[in-house]
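Close look at the chain arrangement
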Amino acid sequence: MKNKRLIIIGIVFVIVIISLFVLLKKDETAYEAYSTDSPNRVGEVHLVVSNAEQIAAFYEEVIGFKVLTSESSRVTLTVDGSSPLLVLEEQDGTVERPFGTTGLYHFAILVPDHGSLGNMLLHLAETEFPMQGAANHQYSDALYLADPDGNGIEIYADLPPNTWKRDKDGGYEGGSYPIDFEKLMAEATPTWNGLPENTSIGHMHLQATELAITEKFYVDGLGLNVTSKDSSSLFLSKDNYHHHVALNTWAGTGIPAPPDNSRGLKNFTLIFSKEELDEAKSRLTDLNFHFEEKDSSIIVQDPSRNTIEIISK
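A short tour of the structure in this document, coming up.

Cut-offs used in this document
- Residues numbered from 1 in each chain as written.
- Predicted model: local features only at pLDDT ≥ 70, side-chain atom pairs only at ≥ 80, totals over all residues.
- Heavy atoms only, no water.
- Helix = DSSP H or I, 4+ residues; strand = E, 2+ residues; numbered from the N terminus.
- Buried < 20%, exposed > 50% of the residue type's maximum accessible area, 1.4 Å probe, protein only.
- Pairing = 2+ DSSP bridges.
- Axes fitted to C-alpha atoms, helices over the stretch in contact; angles between N-to-C directions.
- Arc of directions from axis to C-beta.
- Contact = heavy atoms within 4.5 Å.
- Polar contact = N/O pair within 3.5 Å; in protein donor to acceptor, adjacent residues only side chain to side chain.

Here we look at unusual backbone geometry
- At Glu128, a residue that is not glycine, the phi angle is positive and equals roughly 60 degrees.
- Mapped onto the elements of the fold, Glu128 is located in the loop between helix H3 (114-127) and strand E6 (133-136).
- A relative accessible area of 69% means that Glu128 is categorised as exposed.
- Although it is not a glycine, Asp239 sits at a positive phi angle of roughly 65 degrees.
- One can find Asp239 in the loop between strand E11 (233-237) and strand E12 (245-248).
- On the basis of relative accessibility, which here comes to 24%, the residue Asp239 falls in the partly exposed class.

Looking at the sheet that holds strand E16 (residues 307-312)
- Read from one edge of the open sheet, eight strands run E2-E3-E4-E1-E13-E16-E15-E14, paired in mixed fashion. Lying at the two open borders of the sheet, with one neighbouring strand each, are strand E2 (66-70) and strand E14 (291-293). The sheet shows a mean angle of 20 degrees between the axes of neighbouring strands, direction not considered.
- Alignment of E14 against strand E15 (residues 297-301), held across three bridges, turns out to be antiparallel.

A few points about helix H5 (residues 211-221)
- Of the positions making up H5, those classed as buried are Leu211, Thr214, Phe217, Tyr218 and Gly221. The arc enclosing the buried residues of H5, seen along the axis, measures out at 155 degrees, which places them on a common side.
- Against the buried residues of H5 lie strand E9 (200-207), E11, E12, helix H6 (274-286), E15 and E16.
- Backbone nitrogen of Ala212 and a side-chain oxygen of the N-cap are separated by 3.1 Å at the start of H5; the cap is Glu210.
- Of the residues flanking the end of H5, it is Gly223, one or two places downstream, whose phi is positive at about 85 degrees.

Notes on the environment of Asp302
- Tracing the sequence through the fold places Asp302 in the loop between E15 and E16.
- Considering only alpha carbons, one finds Asp302 and Ile213, 89 residues apart in sequence, at a separation of 9.1 Å.
- If sequence neighbours within four positions are ignored, Asp302 has contacts with Leu206, Phe217, Tyr218 and Leu247.
- Side-chain polar atoms of Asp302 contact the backbone nitrogen of Asn306, separated by 2.9 Å.

Below, the structure is given as structure tokens:
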């Protein structure tokens with residue numbers, strides 16, 4: 001009897017161990033990690049500005065872009081000398097974007113490593129250009145400022161993707177925590193030479209009018225995935241990135257779009273594969289979201305009238 005009892009206890013113990021292993025294994029593999037080999041998903045950002053020459057000088061001298069092309073009212077900026085990342089366009093009769101309207105919250109410049117971010121921090125200190133803030137978001141460290149027209153800018157470096165934590169719903173755990181400035185400055189190299197060539201536009205953060213219809217557009221229409229959301233913000237991505245597009249209603253729900261002649265965001269580019277673009281066109285059509293079709297791209301406005309060009313590569 002005693003031996004039989006020990007055998008039963010042993011069998012139960014083995015079953016428990018196997019069950020725990022299966023559950024833990026399942027939890028580990030439930031969500032794919034982001035791969036740093038994933039393609040860039042945000043292309044160029046197009047801003048309408050008060051003075052193209054003056055604003056371009058800011059982006060060259062303070063941020064570290066290089067001029068790719070320059071015309072009387074339009075300057076295109078790059079980091080590698082060939083790929084456009086930021087277009088500044090001066091138009092007649094523009095006005096400052098009114099407070100409490102949809103549009104750009106900030107566009108985010110992704111530098112390749114923390115050494116580059118440390119260089120930027122030291123450079124901003126040397127130029128005495130005012131920052132608006134800095135934060136550790138648990139998946140990245142970020143510096144915040146605005147250009148002379150008030151367009152929000154984030155400059156950030158990602159933390160290793162294997163350190164990004166998921167919450168109980170599968171979204172990424174974020175937040176705003178203090179940056180270790182001493183560590184960041186210690187990682188900086190001695191000289192600042194502008195933005196590194198492998199800098200990209202990492203994500204766009206927009207002000208929205210309402211999140212339910214916004215989620216429908218970006219998720220059901222464009223095929224992005226929700227990586228985090230609450231009652232006033234929505235973070236979305238492809239490829240398990242922490243976010244390629246973020247939207248918030250922090251200025252209020254139901255806010256209007258700015259006038260057509262406002263300065264600020266004109267449009268930005270998302271990069272899809274041909275298959276992803278074809279799927280998006282089909283979904284948008286089914287959902288009655290209008291878009292303009294071009295050779296290998298579409299132009300579409302989200303429900304807050306933020307204009308996006310989606311190109312296929």
